[in-house]
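# Reading the structure
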Amino acid sequence: MKMMAVIVLMVINILHTGEAVECYDIDIEECGGSCFTTVNQGKDTTQGCLPLIQSDGDTPDNFGFTITTYCNSDLCNTGHTTSLSYAVLLLVLGLLLRM
């Protein structure tokens, strides 16, 4: 039973990643690529959608003045490092494995 629940959750997660994600921009927009947040010199923050899919993580410029963070889940470019959907998924998996 535990294994079946884990497999179902994994399939749901895989199917979800095949959809377009929603990103924060001026408003919430549907994005066919990756969401991003760019912080310039620790002050100015820009959020939006990049039409290409990028790997999750931070990418500093050559001088370290600007850091762009890419992410690939709904509304992930809020400045928070953990997406709520992944936190809930991990919580459910942890509870299932304890049974």
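Model, not experiment: these values are computed from the prediction. (Residues numbered from 1 in each chain as written. Predicted model: local features only at pLDDT ≥ 70, side-chain atom pairs only at ≥ 80, totals over all residues. Heavy atoms only, no water.)

Within the protein chain, the regular secondary structure consists of two helices and six strands. Start at the N end of the protein chain and walk to the C end: the helices and strands fall as α-β-β-β-β-β-β-α. For the protein chain, with 99 residues in total, the buried portion stands at 22%. A separation threshold of at least 6 residues defines the contact pool for the protein chain, and within that pool the share at least 24 residues apart is 46%. Summing over all exposed atoms, the protein chain offers an accessible surface of approximately 7200 Å²; the carbon and sulfur share of this is 63%. (Helix = DSSP H or I, 4+ residues; strand = E, 2+ residues; numbered from the N terminus. Buried < 20%, exposed > 50% of the residue type's maximum accessible area, 1.4 Å probe, protein only. Contact = heavy atoms within 4.5 Å. Areas by Shrake-Rupley, 256 points an atom, 1.4 Å probe, with all protein chains shown as cover.)

So, about the pairing of strand E1 (residues 21–24). Every second residue of E1 is oriented toward a common face, the buried set being Val21 and Cys23 and the non-buried set Glu22 and Tyr24. Relative to strand E2 (residues 28–31), E1 runs antiparallel, the two being bridged by four bridges. Opposite Glu22, over in E2, you have Glu30 as the bridge partner. Counting the residues between successive antiparallel strands, the hairpin from E1 to E2 contains three residues. (Pairing = 2+ DSSP bridges.)

This part takes up the nonpolar core. Grouped together as the largest cluster of nonpolar side chains are six residues: Val21, Cys23, Cys31, Cys35, Cys71 and Cys76. Other than its neighbours up to four places away in sequence, Cys76 contacts Glu22, Cys35 and Cys71. (Core = buried A, V, L, I, M, F, W, Y, C linked by side-chain atoms within 4.5 Å.)

Tallied over the entire structure, the rule returns three disulfides. The side chain of Cys23 participates in a disulfide bridge whose partner is Cys35; the two sulfur atoms lie 1.9 Å from each other. As the torsion about the S-S bond is roughly -85°, the Cys23-Cys35 disulfide counts as left-handed. Here Cys23 is found in strand E1, whereas its partner Cys35 is found in strand E3 (residues 34–40), with twelve residues between them in sequence. The residues Cys23 and Cys35 share a single accessibility class, namely buried. Each sulfur of the disulfide joining Cys31 and Cys49 lies 2.0 Å from the other. Here Cys31 and Cys49 share a disulfide; its torsion about the S-S bond, 75°, makes the bridge right-handed. You can see Cys31 sitting in strand E2 and its partner Cys49 sitting in strand E4 (residues 44–50), a full 18 residues away along the chain. The class for Cys31 is buried, based on a relative accessible area of 1%. (Disulfide = S-S within 2.5 Å.)

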